[in-house]
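Secondary and tertiary structure notes
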Amino acid sequence: MDTVVLLFCTGLGLGALYFLVASGLSLIFGLMDVLNFAHGALLSIGAYATWWAGAEAGLSFWLAVPFGTLVGTVAAVLLELFLIRPLYSRPRDQILATVGVGLAVPALLMGIWGADARPFPQPALLSGTWHVFGATVPVNRFVLVAAAVLLLLTLRLFLARTRYGLIVRAGVEDRAMVTALGIDVRRAFTLVFAIGGAAAALGGALGGLYFGSVNPGQGTGLLIFAFVVVVMGGMGSVTGAAAASVGVGLVQQFANYYTGAGLGDLSVVVLLAVLLLVRPRGLTGRLA
Amino acid sequence: MTSSLPSSPSSTPRAAASTSSALEPLLSVRDLRVVIDGLHILHGVDLDVAPAGVTALLGRNGAGKTTTVKAVMGLVPRTGSVRLAGAELSSLPTHLVVRHGIGYAPEDRGIFAGLTVAENLRLAERGARGGEEGGEPDYALVHELFPELKQRAGQLAGTLSGGQQQMVAIGRTLLNRNRLIIADEPTKGLAPKIVSEVAEVLARAAEAVPVLLVEQNLALVRRLAGTCAVLADGRTAHRGDTAELLADEEAARRLLGVGSRHPLAGGPRPAASPATPVVTTEVKP
């Protein structure tokens, strides 16, 4: 029983991490039709900026996380303004450019700080364990889940209540018609990139807690599962991405524990294939 | 966003439209060309929209009517000249074209199905933010013309009937103080009763704002439009008085491919009569 509880909590934590990456990815694809292969790089930038601020610059963890998130947000905005926007009418080049950034950033991080994993600062408050139904669960799992739930609620409020949220929801349906109502939809693009970058960078910062260390390849590794989550949840649907994140995280943890290592990752892909066969438009019925 | 509206001596665009001389077109399109994926869709369209009333854009299926409208809006890459009240729009992105005061109801209605009726309308507000170009959103007018939109404010637009969706599309163009309304086949696929309702609204709207109307329903065109332009194969084939064109059977058949009897032979308000076919028969090329 305690194993099940531990796997459940860890799976939820992993799912929360996926959601932090996938929510931005989903909004970006839904609104802009951009497959942002550089999204994992944004996570890595957030992770390393947090690690650097905490371990090298000596900031407290509680300042390092906002710092890392801010750096990731700025990186995302610069990426949108100087790389995505000039290539807007050339989707193929856009994909190549984001793939390039997705490869270059980890290489750059490796060049500066080496390929080895760096131990991540663990504040005393978050490094303990909680006892849940007889299982001993690391607190950082709950930190991730709390961050993901908070992000989900904030995004839903933003989408439902604000004018830019309205523009994003409309743009996911029909971008051209949004401009034909006199709205400069490119501002919404930059905003969505900033939100996605902030969420991914926060995921990087909290992922450092979860894994206990940072390494240059972390972001790219997580990106694959984030894409699976986005396709499952339905492109452009934040709630769909949340549901799919939980599913993928849990399936992966349980399958990796009860079957062979690596089969969990495989089972996620099988899950995706089955879902797409049964519901070609993803969980939320949106066009993939 | 700073507004780059040419400042008109008369107060509002609406007032300007109804008082300026009939000689000067409100919208003047010259040599408009569109090439999409190497295909030449428009080879030089000339079009003038009268500063008052309805101007019709006619032509057979595939003649380039919708592409012309999209090119004016900047929704497809275009060359040539598009001047609205003296301001050149042909190099502007779509949202700035709109901000010069154009309300656009596209052929497919452009409704956001997952948004409520109220949200669809709210999205169209160009309002007080960034200059006075849009003015305060005129919900009083929209709800007077379409009381149903008020009752159904909370309903998802995707669950509306075709006629109700068209009301949302036209309502969005009336919300702002526009200089020009462009309606692309607003009666397409609607029941005859709804067609006459839409016609009624267009007539009302045209009293205040000039309308460029793309329409296949010639009975409706005859009733609403004073002047017209006819496209054929991506060029302007004819420009002039609507009644004259439709009275000339030979020219109408040649330009529009309509039969000799109806619906041209219909009464003064044939659109309202279910006995008259509302969709014109077209000779396929």
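Definitions and limits used
Residues numbered from 1 in each chain as written. Chains lettered and ligands numbered in written order. Predicted model: local features only at pLDDT ≥ 70, side-chain atom pairs only at ≥ 80, totals over all residues. Helix = DSSP H or I, 4+ residues; strand = E, 2+ residues; numbered from the N terminus. Buried ≥ 20, exposed ≤ 12 C-beta atoms within 10 Å, placed from the backbone. Contact = placed C-beta atoms within 7 Å. Core = buried A, V, L, I, M, F, W, Y, C linked by C-beta atoms within 7 Å. Pairing = 2+ DSSP bridges. Axes fitted to C-alpha atoms, helices over the stretch in contact; angles between N-to-C directions. Nonpolar A, V, L, I, M, F, W, Y, C, P; charged D, E, K, R; others polar. pLDDT = per-residue confidence, 0-100.

Moving on to the overall build of chain B. From N to C terminus, chain B includes 11 helices and 10 strands. A burial count over chain B gives 49% of its 285 residues as buried.

This next bit is on the overall build of chain A. Of the regular secondary structure elements, chain A holds 11 helices and 4 strands. Counting only C-alpha atoms and orienting by the principal axes, one finds that chain A spans roughly 60 × 45 × 35 Å. Evaluated residue by residue, chain A yields a buried proportion of 51% over its 288 residues. Long-range pairs, those at least 24 residues apart, make up 76% of the contacts in chain A with a sequence separation of at least 6.

Counting residues in hydrophobic clusters, the biggest one holds 171 residues, and the most contacted among them are L20, A226 and V229 of chain A together with L213 of chain B. With 17 residues, the top contributor of residues to this core is helix α1 (residues 2-32) of chain A. Residues contacting L20 of chain A, with those up to four places away along its chain left out, are A147, A148, L151, A199, A200, L202 and G203 of chain A.

Here we come to the environment of A206 of chain B. All names here are of chain B. Looking at where A206 falls in the secondary structure, it is placed in helix α8 (residues 192-208). Taking C-alpha positions, A206 is 13 Å from G171, a pair spaced 35 residues apart along the chain. Once you skip the residues sitting within four places of it in the chain, A206 turns out to touch G53, V54, V211 and L224.

This next bit is on the sheet that holds strand β2 (residues 39-49) of chain B. All names here are of chain B. Spatially, β2-β1-β4-β5 is the arrangement adopted by the 4 strands of the open sheet, whose pairing is antiparallel. A single partner strand is all that each edge strand has here, and the edge strands are β2 and β5 (87-88). The sheet contact formed by strand β1 (residues 27-36) and strand β4 (residues 79-84) spans 5 bridges and is antiparallel. When the bridges of β4 are listed, L27 appears paired with L84. Strands β1, β2 and β4 of the sheet are contacted by helix α2 (residues 65-73), whose axis makes an angle of about 75° with β2.

It is common to give the size of an interface as the accessible area that goes away when the parts come together. Opposite the 13 residues of chain A that make contact, chain B presents 20 residues. Counting residues per element, the ones that place at least two in the side of chain A that touches chain B are α6 (163-173) and α7 (175-179) of chain A. The residue makeup of the side of chain A that touches chain B, split by class, is 7 nonpolar, 2 polar and 4 charged.

Residue and element names in this part refer to chain B. Structurally, the position occupied by S90 is in the loop between β5 and α3 (94-99). The exposure class assigned to S90 is partly exposed, which follows from the 17 C-beta atoms found within 10 Å. Considering only alpha carbons, one finds S90 and P77, 13 residues apart in sequence, at a separation of 9.4 Å. When neighbours within four sequence positions are excluded, S90 is seen to be in contact with R78, G80, S81 and V82.

Right, let's talk about unusual backbone geometry for a bit. Even without being a glycine, F133 of chain A presents a positive backbone phi close to 50°. Following the sequence through the fold, F133 of chain A ends up in the loop between β2 (129-132) and β3 (135-138). Accessibility expressed as a C-beta count within 10 Å gives 12 for F133 of chain A, which makes it exposed. Located in the positive-phi region is E185 of chain B, a residue other than glycine, with phi close to 45°. Position of E185 of chain B relative to the elements: it lies in the loop between β7 (180-184) and α8.

Residue and element names in this part refer to chain B. With 79% of its residues at a pLDDT of at least 70, chain B reaches an overall mean of 83. Within the model, the stretch residues 1-21 combines pLDDT values under 50 with 32 contacts to residues more than four positions away or in other chains. Low pLDDT, under 50, characterises residues 260-285; the predicted model gives this stretch 46 contacts beyond four residues in sequence or across chains. Our summary of model confidence lists the complex with pTM equal to 0.84 and ipTM equal to 0.82.

Moving on to the pairing of strand β3 (residues 54-59) of chain B. All names here are of chain B. In terms of burial, β3 is a largely internal element, 6 of the 6 residues being buried. Burial of β3 is two-sided: the residues V54, A56 and L58 facing one way and the residues T55, L57 and G59 facing the other way are all buried. Pairing of β3 with strand β8 (residues 211-214), which is carried by 4 bridges, proceeds in the parallel orientation. Each residue of the ladder has a partner; that of A56, found in β8, is L213. One ladder, built from 6 bridges, connects β3 with strand β9 (residues 225-232); its direction is parallel. Along β9, the bridge assignment pairs A56 with C228.

The next point concerns the sheet that holds β7 of chain B. Residues and elements named next belong to chain B. The mixed open sheet is built from 6 strands, whose spatial order is β6-β7-β8-β3-β9-β10. Taken across any chain shown, the strands that pair with only one partner, and hence form the sheet edges, are β6 (102-105) and β10 (235-241). Sheet twist, expressed as the mean angle between neighbouring strand axes with direction ignored, is 15°. Examined bridge by bridge, β9 and β10 share 6 bridges and lie antiparallel to one another. Bridge pairing links A229 to R239 in β10. The strands that helix α7 (residues 162-175) touches are β6 and β7; relative to β6, the one it contacts most, it runs at about 175°. The sheet contacts of α8 involve β3, β7 and β8, and relative to β8 the element is tilted by about 150°.

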